[in-house]
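Descriptive analysis of the structure
Below are the chains, spelled out letter by letter.
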Amino acid sequence: MPTITLPDGKNLKFSKKVTGLQVAEEISKSLAKQAMVISINGELKDLDFLIESDCSVKIFTAKNNEGLETIRHDTAHILAMAVQELFPGTQVTIGPVIENGFYYDFARKEPFTEDDLKKIEEKMREIVDRDEITKREVWDRDKAIKHFRNKGEIYKAELIEGIPKGEEVSIYFHGKWHDLCRGPHLSSTGKIGKFFKLTKVSGAYWRGDSKNEMLQRIYGTSWASQKDLEAYLKRLEEAEKRDHRKLGKEMDLFHFREESPGSVFWHEKGWALFQKLINYMRARQDAAGYQEVNTPEVLDRLLWEKSGHWEKYGENMYTSQTPDEKVFAIKPMNCPGHIQVYNQGLKSYRDLPLRITEFGKVHRYEPSGALHGLLRVRAFTQDDAHIFCSEDQITSECLNVTNLILDIYKDLGFKNVVLKYADRPDVRVGDDKVWDKAESSLLDAVKATKLEYSINKGEGAFYGPKIEFVLRDAIGRDWQCGTVQVDLNLPGRLNASYVDKDGTKKVPVMLHRALFGSLERFIGILIENYAGKFPFWISPLQTVVIPISEDFEDYAKNVSEKIKEAGMSSIVDLKNHNLNYKIREHSLAKIPVLLICGKKEVDSNSVTIRRLDSNKQENMEINLFLKKFSALNKVSQN
RNA sequence: GCCCUUGUAGCUCAGCUGGUAGAGCAAUUGAUUUGUAAUCAAUAGGUCCGCGGUUCGAAUCCGUGCGGGGGCACCA
């Protein structure tokens, strides 16, 4: 005689055992129709789960996340079903729900083609139409292992072997086809709907380990309605339009080429952007008490051996042998160089904290498959700094850095930032006591920001705990940029020291810190965030002056010169094209401000302003224009 | 690095089953002198990614190398 408590606190009494579906029917017919899954005391179950005793029940429809995820999970199942119907002999492995969709990994010799994807999709629709009934059975472990092994499903058999003893081995049937699965599932394949699409095929290692064989992964997306599906596909299209590789080419910012994979050839405009960011950073760091230095790009192998990089990071390092047969490495990091600068002259506790910064260009031999436009390169410029301090100064220094980072992100248009805090990994150097201190100091700094943070247990570097700064862009994507890491290792290894108050020599703590991370990467993110339409102050080409006809060329040139004198960038478009053409061209090039000069402007010593993405025209006296836009050219105006 | 896929003019792309390449835009030249998102015409432009093979003949088929793309792994 179960009594069922609903989320609103109401109780339903039943005279016998009931299924989730019956509970839904009791509430309303439409709910029963829309119901996807239920949860019993917080645990998700199938709709036909038989409720025997008192419990609290929630009923989920496609409008709930739980319902939507079940739809996706079911879509993954019918994908596997369709594949095995079309390509007998293909083994199924795992098929989880992921953000916006699902995938399923298959073991099959022949690769799936784009054409196969279409066929599979058709077959999936057919399976939905067949409306196969779902049935759940609990099997004996050994029976299940034997069953799948006999079927030739060795991966499934391996998965069952991995299920802890005592846990149920549940098998789900959709008609005759069945699969090992935890569930829950929809009551029949017809309930999934047809708002899905297979999106791509790729390789994926069995159990995510590159030592294992490679499986074929089919990705798909699945939604509660056609409208949702279309909206999602539209979002993908929008993201594609913002792709920094595409915009970089269109806007003539940079290019890549075969001779140096993963290294950027910056063009004039891209480099202007780069320089603006560096100049901005330089001013910010100056104000924050940093000293900027510059250290060699090529350093003797001996130093890298001493620092530990040769051993731990060697396979990612470029090396170079000189005619005298010495081996040098091209720096993958700036830290050893900065410690060498620190080591010049005796340091006292009065010198701490000592903040050394460098826009250092580093080279890392990244795996070819990892390269991705500006976001993952082999040569990049870090806005790197190393702060040498005492243990007591860790918290306040971390907090300084954090505040600086947040402020800088805000200036660049990113207001939504979350933190990730990572503590000691299993393999690490240093005393546990020192780790305790470092971790709590860092965590204090995290808490002091009052920002949302997550803890990544055991994900810290081998030399110390770290904070990572994740910013969210205009279309909701997350990017990891800045970082603060405590280093309990390197200063000692490279003999850094200071004389403390009591006259004894101590090893300073070193904080690694990057704000943007990599300038290259950050610019990639900026391009995508703004879709190439940068705020005025960082726009690489801020104004184009357009004379209406040849008669006004001198006037236009003069205006352009004045703009440059006022510290903004400007060109004059003297090409033999009409005004419409030029406006279109420069608008597509995402120039923020177009200035039109004709008779009217000459007569009144003015310009007519047309701003990007607006067809309003504003006439303004030249000096006023210069004054107004000079102000806009400062960061604080954004 | 691994799996799949891809490489044709400055750019975007076409080129069926093998018969030494084509469009639009851009460029150049000329005409036009233009008031807020494409004025007209002419001209020029290519080692079809590199190397090797099959073939009478390869952009096209095969092998291989390099690069790009999508994932996986990697991102101390």
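Predicted model, so just to flag it, every value in this text is computed and none were measured. (Residues numbered from 1 in each chain as written. Chains lettered and ligands numbered in written order. Predicted model: local features only at pLDDT ≥ 70, side-chain atom pairs only at ≥ 80, totals over all residues. Heavy atoms only, no water.)

This part is about the overall build of chain A. Along chain A, the regular secondary structure elements total 20 helices and 35 strands. Its C-alpha atoms put chain A at 85 × 75 × 60 Å along the principal axes. Long-range contacts, defined as pairs at least 24 residues apart, comprise 67% of the intrachain contacts of chain A with a sequence gap of at least 6. As presented, chain A carries roughly 31700 Å² of accessible surface, and 49% of it is formed by carbon and sulfur atoms. Computed over 95 positive and 95 negative side-chain charges, the separation of the two mean positions in chain A equals 2 Å. (Helix = DSSP H or I, 4+ residues; strand = E, 2+ residues; numbered from the N terminus. Contact = heavy atoms within 4.5 Å. Areas by Shrake-Rupley, 256 points an atom, 1.4 Å probe, with all protein chains shown as cover. Lys, Arg positive; Asp, Glu negative; His and termini not counted. Charge placed at Lys NZ, Arg CZ, Asp CG, Glu CD.)

For helix H6 (residues 154-162), the complete set of buried residues consists of Tyr-155, Lys-156, Ala-157, Leu-159 and Ile-160. For H6, the secondary structure elements touched by its buried residues are strand S8 (91-92), strand S10 (101-107), helix H5 (141-150), strand S12 (169-174), strand S13 (177-180) and strand S15 (214-222). (Buried < 20%, exposed > 50% of the residue type's maximum accessible area, 1.4 Å probe, protein only.)

Time to look at the nonpolar core. Formed by 62 residues in total, the largest nonpolar core has its most connected members in Ile-408, Tyr-409, Leu-412, Leu-471, Phe-516, Phe-522 and Leu-526. No other element matches the 8 residues that helix H13 (residues 394-411) contributes to this core. Residue assignment places this core across two domains, with domain 3 (269-530) and domain 4 (536-637) each supplying three or more. Contact partners of Ile-408, with chain neighbours within four places excluded, come to Tyr-280, Met-281, Arg-284, Leu-515 and Phe-516. (Core = buried A, V, L, I, M, F, W, Y, C linked by side-chain atoms within 4.5 Å. Domains from an automatic or database assignment.)

Okay, the protein's contact with RNA strand B next. Close to RNA strand B lie 48 residues, the nearest being Ser-202, Tyr-205, Arg-364, Glu-550 and Asn-576. A share of 51% is what sugar and phosphate atoms reach among the atoms of RNA strand B within 4 Å of the protein. One nitrogen or oxygen atom from the main chain of Gly-369 is found 3.2 Å from a base nitrogen belonging to RNA strand B. Contact between RNA strand B and Arg-610: a sugar or linking oxygen at 2.8 Å from a side-chain N or O atom of the residue. (Near = heavy atom within 4 Å. Polar contact = N/O pair within 3.5 Å; in protein donor to acceptor, adjacent residues only side chain to side chain.)

Packing of H13 against helix H14 (residues 432-449) brings their axes to within 8 Å, and their N-to-C directions diverge by 40 degrees. As far as their axial angle goes, H14 and H13 are oblique. Between H13 and H14 lies a crossing whose hand is right-handed. Of the residues in H14, those in contact with Ile-394, Thr-395, Cys-398, Leu-399 and Thr-402 of H13 are Ala-438, Ser-441, Leu-442, Asp-444, Ala-445, Ala-448 and Thr-449. (Axes fitted to C-alpha atoms, helices over the stretch in contact; angles between N-to-C directions. Parallel < 35°, antiparallel > 145°, perpendicular 65-115°, else oblique. Left-handed = near helix turned anticlockwise from the far one by under 90°.)

The next subject is the packing of helix H9 (residues 268-287) against helix H16 (residues 519-530). Put simply, H9 and H16 touch, their axes get as near as 11 Å, and they point 110 degrees apart. Regarding the angle of H9 to H16, the classification is roughly perpendicular. Contacts from Leu-273, Phe-274, Leu-277 and Ile-278 of H9 reach H16 at Leu-519, Glu-520, Ile-523 and Leu-526. In the contact of H9 with H16, the residues fall into 7 nonpolar, no polar and 1 charged. (Nonpolar A, V, L, I, M, F, W, Y, C, P; charged D, E, K, R; others polar.)

Here we take up the sheet that holds strand S32 (residues 570-572). Here 5 strands make up an open sheet; going across it, the order is S32-S31-S33-S34-S35 and the pairing mixed. Every other strand in the sheet has two partners, leaving S32 and strand S35 (618-621) as the edge strands with one partner each. Adjacent strand axes in the sheet meet at a mean angle of 30 degrees, parallel and antiparallel pairs treated alike. In terms of strand pairing, strand S31 (residues 543-547) meets S32 through 3 bridges, oriented parallel. Considered in S32, the bridge of Val-544 is made with Ile-571. Contacts from helix H20 (residues 622-632) reach S31, strand S33 (593-597), strand S34 (606-611) and S35 within the one sheet, and its direction differs from that of S35 by about 105 degrees. (Pairing = 2+ DSSP bridges.)

This part is about the confidence of the model for chain A. Of the residues in chain A, 100% reach a pLDDT of 70 or more, and the chain-wide mean stands at 93. Predicted complex metrics record ipTM = 0.94 and pTM = 0.93. (pLDDT = per-residue confidence, 0-100.)

Locating Gln-344 in the fold gives a position in the loop between helix H12 (335-342) and strand S22 (354-363). Residue Gln-344 is classed as exposed on the basis of its relative accessible area of 59%.

Structurally, the position occupied by Glu-397 is in helix H13. For Glu-397, the side chain forms a polar contact with the side chain of Arg-355, separated by 2.9 Å. Excluding anything up to four places from it in sequence, Glu-397 contacts Pro-353, Arg-355, Ile-387, Cys-389 and Leu-511.

This brings us to the packing of aromatic side chains. As enumerated under the stated definition, the model contains 21 aromatic pairs in all. Between Phe-106 and Phe-112, the ring centres sit 5.8 Å apart and the planes meet at 75 degrees, which makes this aromatic pair edge-to-face. Side by side, Phe-106 and Phe-112 carry an identical accessibility label, which is buried. An angle of 65 degrees between the planes, with centres 6.4 Å apart, marks the rings of Tyr-530 and Phe-534 as edge-to-face. Linked through ring pairs, Phe-254, Phe-256, Trp-266, Trp-271 and Phe-274 together constitute an aromatic cluster. Over the face of the ring belonging to Trp-223 we find Arg-72, whose NZ or CZ atom lies 4.3 Å from the ring centre. Cation over ring: Lys-200 sits above Tyr-219, and NZ or CZ is 5.3 Å from the ring centre. (Phe/Tyr/Trp six-rings, centres within 6.5 Å; stacked < 30°, edge-to-face > 60°. Lys NZ or Arg CZ within 6 Å of the ring centre and 35° of its normal.)

Moving on to the pattern of salt bridges. Applying the stated criterion across every chain yields a total of 46 salt bridges. In this structure, Arg-108 and Glu-110 form a salt bridge, with 3.7 Å as the shortest nitrogen-oxygen distance. Here Glu-110 falls in the partly exposed class, since its relative accessible area comes to 45%. For Lys-241, the salt bridge identified is with Glu-238, shortest N-O distance 3.3 Å. Taken together, the positions of Lys-241 and Glu-238, both in helix H7 (residues 226-241) and 3 residues apart, correspond to about one turn of that helix. Classification of Glu-238 by relative accessible area gives partly exposed; the value is 31%. Put simply, Glu-85, Lys-123, Glu-126, Arg-130 and Glu-132 are held in one network by salt bridges that share partners. (Salt bridge = Lys/Arg side-chain N within 4 Å of Asp/Glu carboxyl O.)

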